[in-house]
Amino acid sequence: MARAENKTEAGGTAHLVAALAKALREQHGLTQPQLGDKLGYTAAAISAMETCAQPASDQMLVKLEEEIGGGLGVFQTARKWMLLEKYPVRFRGFSGLEAEAVTICSYETLVVDGLFQTEDYARALIGGGYPPVSEQKREELVEARLARRALFDRDPAPMIELILEETVLRRPFGNWEILRGQLRSLAEDARRDNVCVQVLSLERGLRGTYAGDRGGMHLVETKDHQHVVYLEVEDQGILISDPAEVSQLAHRYAKIRAQALSPDESLSLIEQLAGEKR
């Protein structure tokens, strides 16, 4: 449902899209109900888009391009930037690096990495967070999170490593079936040629050494072969590019990886917890 506060929360791209859509609609001599009929939306939805009470969804942008874009490609181009504006502010600086990365190495301690999340898992996780978000905002965040999965099939494909604490595989959100679905999806992703998934065992600390006590991290090799680290702490996103700091965190990540179960052992555990292996 469209909300008045969305008008102030909407970003620059949403306002530009709204203005262009209205101008092109009028140029084509269309009323809001007439444009809605062409796009498959109500007149109220068109009005909400033009006032930014409910910014255009990705699907609406595709339809706008087809019906009134005039071959200019403006709505097609806007899809990337509209998606970026749907991410939390703390994540926007990292999202562009992730989308073009050569290598991504992540260590997660609490939840499945967003890049690997299923729609149901993401919706339950975002919907149950604090402070709570509106239904519309939740769906925008879910849409933006799922869009990141395009990275798996990008050409050329990046190398993606993920290390998860075993507790992540046992922590349900929403209900147990959502977790099982997430684990099945995680197992499928782990079988991709460009993906490696490992699990840091619950019992690792009994071995006397445990390198994962400082929290999660994301190490990225950019398209220019620079190395950066992204950290999230209580709604704060931190990008680290200082070579000495990056090197120290990369060494810690390497130690965590060495302490984790092998990829085959990890996949076997994930399948077992998903109920696919006895």
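Data block above holds the structure.
A short tour of the structure in this document, coming up. (Residues numbered from 1 in each chain as written. Predicted model: local features only at pLDDT ≥ 70, side-chain atom pairs only at ≥ 80, totals over all residues. Heavy atoms only, no water.)

## Quick word on the overall build of the protein chain
For the protein chain, the count of helices and strands is 13 helices and six strands. Looking at the 278 residues of the protein chain, the share that counts as buried comes to 41%. Contacts in the protein chain between residues at least 24 apart in sequence constitute 72% of all its contacts with a sequence separation of at least 6. Here the protein chain has roughly 14600 Å² of accessible surface; of this, 51% comes from carbon and sulfur atoms. (Helix = DSSP H or I, 4+ residues; strand = E, 2+ residues; numbered from the N terminus. Buried < 20%, exposed > 50% of the residue type's maximum accessible area, 1.4 Å probe, protein only. Contact = heavy atoms within 4.5 Å. Areas by Shrake-Rupley, 256 points an atom, 1.4 Å probe, with all protein chains shown as cover.)

## Thoughts on unusual backbone geometry
The omega torsion across Y130 and P131 is 0 degrees, close enough to zero to call that bond cis. Considering the arrangement of structural elements, one finds P131 in the loop between α8 (119-127) and α9 (135-147). With a phi angle near 65 degrees, H225 is a residue other than glycine that sits in the positive phi range. With respect to the element layout, H225 can be found in the loop between β4 (217-221) and β5 (227-233). Here D235, not a glycine, exhibits a phi torsion of approximately 70 degrees, which is positive. Secondary-structure assignment places D235 in the loop between β5 and β6 (236-240).

## Examining the layout of surface pockets
Here the largest pocket is characterised by a volume of approximately 1500 Å³. Forming the boundary of the largest pocket are 39 residues, of which R90, V111, R145, E232 and D235 lie nearest the centre. Among the elements of the structure, α7 (89-99), α8, α9, β4, β5 and α12 (243-259) are those that each provide at least two residues to the lining of the largest pocket. A per-class count over the lining of the largest pocket returns 22 nonpolar, seven polar and ten charged. (1 Å grid on protein atoms, 1.4 Å probe; cavity = no way out; pocket = protein on both sides within 12 Å on 5 of 7 lines; lining within 4 Å. Points joined across faces, edges and corners; volume = space filled by probe spheres on them. Nonpolar A, V, L, I, M, F, W, Y, C, P; charged D, E, K, R; others polar.)

## Considerations on the pairing of strand β3 (residues 195-200)
Of all six residues making up β3, five are buried, and the element is well covered by its neighbours. For strand β2 (residues 159-165) and β3, the ladder comprises six bridges, and the chain directions are parallel. Bridging across to β3, I163 finds its partner in Q198. (Pairing = 2+ DSSP bridges.)

## Considerations on helix α11 (residues 176-190)
The terminal C-alpha atoms of α11 lie 21 Å apart, and with 15 residues this matches the ideal 21 Å at 1.5 Å per residue to within 8%. Those residues of α11 not exposed but buried are I178, L179, Q182, L183, S185, L186, A187, D189 and A190. Of the surrounding secondary structure, the elements contacted by the buried residues of α11 are α8, β2, α10 (166-170), β3 and α13 (263-273). Of the residues flanking the start of α11, the one acting as N-cap is N175, its side-chain oxygen 3.0 Å from the backbone nitrogen of E177. (Expected span 1.5 Å × (residues − 1). Polar contact = N/O pair within 3.5 Å; in protein donor to acceptor, adjacent residues only side chain to side chain.)

## Considerations on the environment of I46
Tracing the chain through its elements places I46 in helix α4 (residues 43-51). Linking I46 and P33, residues 13 residues apart in sequence, is a C-alpha distance of 7.7 Å. Dropping the residues within four chain positions of it, I46 is found in contact with Q32, L35, G36, L39, Y41 and M60.

## Let's talk about the packing of aromatic side chains
Here a ring pair, both rings aromatic, is described through the centre-centre distance and the interplanar angle of the planes. Taken as a whole, this structure holds three aromatic pairs when the rule is applied. For the pair F94 and Y230, a centre-to-centre distance of 4.5 Å together with 10 degrees between the ring planes defines the contact as stacked. In this pair, F94 is assigned in helix α7 and Y230 in strand β5, connecting sequence segments 136 residues apart. Exposure remark for F94: the relative accessible area of 1% places this residue in the buried category. (Phe/Tyr/Trp six-rings, centres within 6.5 Å; stacked < 30°, edge-to-face > 60°.)

## Considerations on the packing of α11 against α13
Where α11 contacts α13, the two axes come as close as 8 Å, and the packing angle between them is 155 degrees. One element, α11, and the other, α13, form an angle in the roughly antiparallel class. Relative to α13, α11 is oriented so that their crossing is left-handed. Only L267, I270, E271 and L273 of α13 make contact with α11, whose side of the interface consists of R180, L183, L186, A187 and A190. For the contact of α11 with α13, the residue count by class is seven nonpolar, no polar and two charged. (Axes fitted to C-alpha atoms, helices over the stretch in contact; angles between N-to-C directions. Parallel < 35°, antiparallel > 145°, perpendicular 65-115°, else oblique. Left-handed = near helix turned anticlockwise from the far one by under 90°.)

## What to know about a nonpolar patch on the surface
A cluster of nonpolar residues, L16, L20, L72 and V74, forms a patch on the protein surface that exposes about 350 Å² of accessible area. Within the element layout of this structure, L20 appears in helix α2 (residues 12-27). The exposure class of L20 is partly exposed, given its relative accessible area of 32%. (Patch = residues over 30% accessible without salt bridge, like charges linked within 9 Å, V, L, I, M, F, W, Y side chains within 5 Å. Salt bridge = Lys/Arg side-chain N within 4 Å of Asp/Glu carboxyl O.)

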